[in-house]
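# Structure assessment
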Amino acid sequence: MQRKALIIGACGQIGIELTMALRQKLGAESVVASDVKETCPPAIADGPYVQLSVLDFDALRQVLITYQITEVYNMAALLSATSEKNPAFAWELNMNGLLHTLNLAKEGLIQRLFWPSSIAVFGPTTPRQNTPQDTIMDPNSVYGISKLAGERWCEYYAQKHQVDVRSLRYPGLIGYRSAPGGGTTDYAVDIFYKAIETGQYECFLGPNTMLPMMMMEDAIRATIDITEAPAEQIKIRSSYNLAGCSFTPAELAEHIRLYIPAFEMTYAPDFRQSLADSWPDSIDDQRARQDWGWSHAFDTAALTKKMIEEIGLKINATNAK
Ligand code: AKB
């Protein structure tokens, strides 16, 4: 059967890059981008776009039928910081959005479903270093609670209804093509813009807050690889641990100083500090490596180099206009 993909939440940080990468692979017409926004960003204007809320079950069902969709990437979610500000809507979007796609997969309208989980499924009593795949999970954030519940639903639908759902526990994702929105790890993207534009950054996390992070290129490759892997290789149907690199804000600032020696960093931790404090320092992703051949390409040095180069080019292009 010819592959036809639907990306839900295509205007978000991951959605934009995933749409671009899948269109390169499958052809622009075979990847339908959708989002609640009326119009899509220019970066993904080269193929079909549908204004769609994942919470509108009937409209979603119709899009699947109209476009003869075979695989769905359900990226619509409220991230950790925004979820704390609007818990009821976070639960509604993160949970019912997932259940809508799981139920449509159960009906046979989706052959393969990708849904993102997060390191936020872990909590304050989870082992922090090299956090294992199977361990204590006691999230204390609205977002983390919704992601853990979502993982349980994914496994349930896979076991009880043979839904082919695949999932990754993303770390903080760092990219230059699209802006993050509402996450606790967003500082590690903002910092590059401020470092290049002003030489200064005030960080909303403290200097020693170690968190797992990943270059967006790696995350997109992992997402496509796990979705394309033969079903028998996907032995975990809740969600796979996934690791790239880990760093603290102070360590990232040091890496940036290799390119911008006068870069100054100050710290003003806010409510996001307690979210970050409840998450792991580093992740053990052996199962992903064994089961479907995952390996990351970017360490902190390579990530920093790429971000400085690409954001530098972007800022120069904007200034030249
Ligand atoms: C967030 O900070 O909320 C996200 C995440 C770790 O899932 N980047």
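Residues numbered from 1 in each chain as written. Predicted model: local features only at pLDDT ≥ 70, side-chain atom pairs only at ≥ 80, totals over all residues. Heavy atoms only, no water.

### Thoughts on the side chain of Q13
Which entries qualify depends on this criterion: By the criteria applied, helices consist of DSSP H or I runs no shorter than four residues and strands consist of E runs no shorter than two, each listed in order from the N terminus. Working definition: with a 1.4 Å probe on protein chains only, accessible area under 20% of the residue-type maximum means buried, over 50% means exposed, and in between means partly exposed. For this analysis, residues touch if any pair of their heavy atoms sits within 4.5 Å.
If you trace the backbone, Q13 turns up in helix 1 (residues 13-26). Residue Q13 is classed as buried on the basis of its relative accessible area of 13%. For Q13, the residues in contact, after removing those within four places along its chain, are L173, G175, S178, A179, P180, V189 and M216.

### A look at the pattern of salt bridges
Just so we agree on the cut-off: Whenever Lys or Arg places a side-chain nitrogen within 4 Å of a carboxyl oxygen from Asp or Glu, that contact is recorded as a salt bridge.
Evaluated as defined, the whole model comprises 19 salt bridges. Between D291 and R287 there is a salt bridge, with the nearest N and O atoms lying 3.3 Å from each other. With D291 and R287 both in helix 10 (residues 286-292) and four residues apart, the pair spans about one turn of that helix. Note that E309 is salt-bridged to K305, the shortest N-O span being 3.0 Å. Here K305 and E309 lie together in helix 11 (residues 300-320), a separation of four residues that amounts to about one turn.

### Brief notes about the domain arrangement of the protein chain
As a reminder, the rule being used: Where a domain begins and ends is set by an automatic assignment or by a domain database. Put simply, buried area is how much 1.4 Å-probe accessible surface two parts lose in total, over both of them, once they are put together. By the criterion applied in these results, polar contacts are pairs of N or O atoms within 3.5 Å in which, for protein atoms, one can donate a hydrogen and the other can accept it, and in which residues neighboring in sequence qualify only through two side-chain atoms. The nonpolar class holds Ala, Val, Leu, Ile, Met, Phe, Trp, Tyr, Cys and Pro. Asp, Glu, Lys and Arg form the charged class, and all remaining residues, Gly among them, are polar.
Its domain assignment divides the protein chain into domain 1 (5-173 + 215-241) and domain 2 (174-212 + 244-320). Inter-centroid distance (C-alpha atoms) of domain 1 to domain 2 is 23 Å. Each side of the interface is counted separately: domain 1 has 43 residues, and domain 2 has 39 residues. Carbon and sulfur atoms supply 58% of the area that domain 1 and domain 2 bury against each other, a total of about 3,600 Å² over both sides. Of all residues in domain 1, the largest losses of buried area upon contact with domain 2 belong to I119, R128 and M215, amounting jointly to 20% of the total for that side. Counting across the domain 1 and domain 2 interface gives two salt bridges. The salt bridge partner of E17 is R177, with a shortest N-O separation of 2.9 Å. Summed over the shared surface of domain 1 and domain 2, the number is 22 residue pairs in polar contact (both at pLDDT 80 or more). Residue assignment for the side of domain 1 that touches domain 2 shows that the elements contributing at least two residues are helix 1, helix 3 (80-85), strand 7 (172-174), helix 7 (216-228) and strand 10 (240-241). A per-element tally of the side of domain 1 that touches domain 2 places helix 7 first, with seven residues. Considered class by class, the residues forming the side of domain 1 that touches domain 2 number 20 nonpolar, 14 polar and nine charged.

### Regarding the packing of aromatic side chains
Applied cut-off: Stacked, tilted and edge-to-face pairs are distinguished by plane angle, under 30 degrees for stacked and over 60 for edge-to-face with tilted covering the rest, among Phe, Tyr and Trp rings (Trp via its six-membered ring) whose centres lie within 6.5 Å.
For the coordinates displayed, the defined rule picks out eight aromatic pairs. A centroid spacing of 6.2 Å and a plane angle of 35° characterise the contact between Y73 and F114, whose relative ring orientation is tilted. Of the two residues, Y73 sits in strand 4 (residues 71-74) while F114 sits in strand 5 (residues 112-118), which places them 41 residues apart along the sequence. The pair formed by Y73 and F114 is uniform in burial state, with each residue classed as buried.

### Notes on the nonpolar core
Stated formally: By nonpolar core we mean a set of buried residues, namely Ala, Val, Leu, Ile, Met, Phe, Trp, Tyr and Cys, connected to one another through side-chain atoms within 4.5 Å.
Membership of the largest hydrophobic core comes to 40 residues, with the highest contact counts inside it found for Y187, F192, I256, F263 and M307. Elements with a contribution of two residues or more to this core: helix 5 (142-161), helix 6 (187-198), strand 8 (200-203), strand 9 (211-215), strand 11 (245-247), helix 8 (249-257), helix 9 (272-277) and helix 11. Examining the composition of this core, we find that six residues originate from one element, helix 6, more than from any other. Both domains that meet at this core, namely domain 1 (5-173 + 215-241) and domain 2 (174-212 + 244-320), each give it at least three residues. Dropping the residues within four chain positions of it, F263 is found in contact with I191, A195, G199, Q200, Y201, A253, I256 and R257. Of all hydrophobic cores here, the second largest spans 34 residues; its members include V31, I44, L168 and L173.

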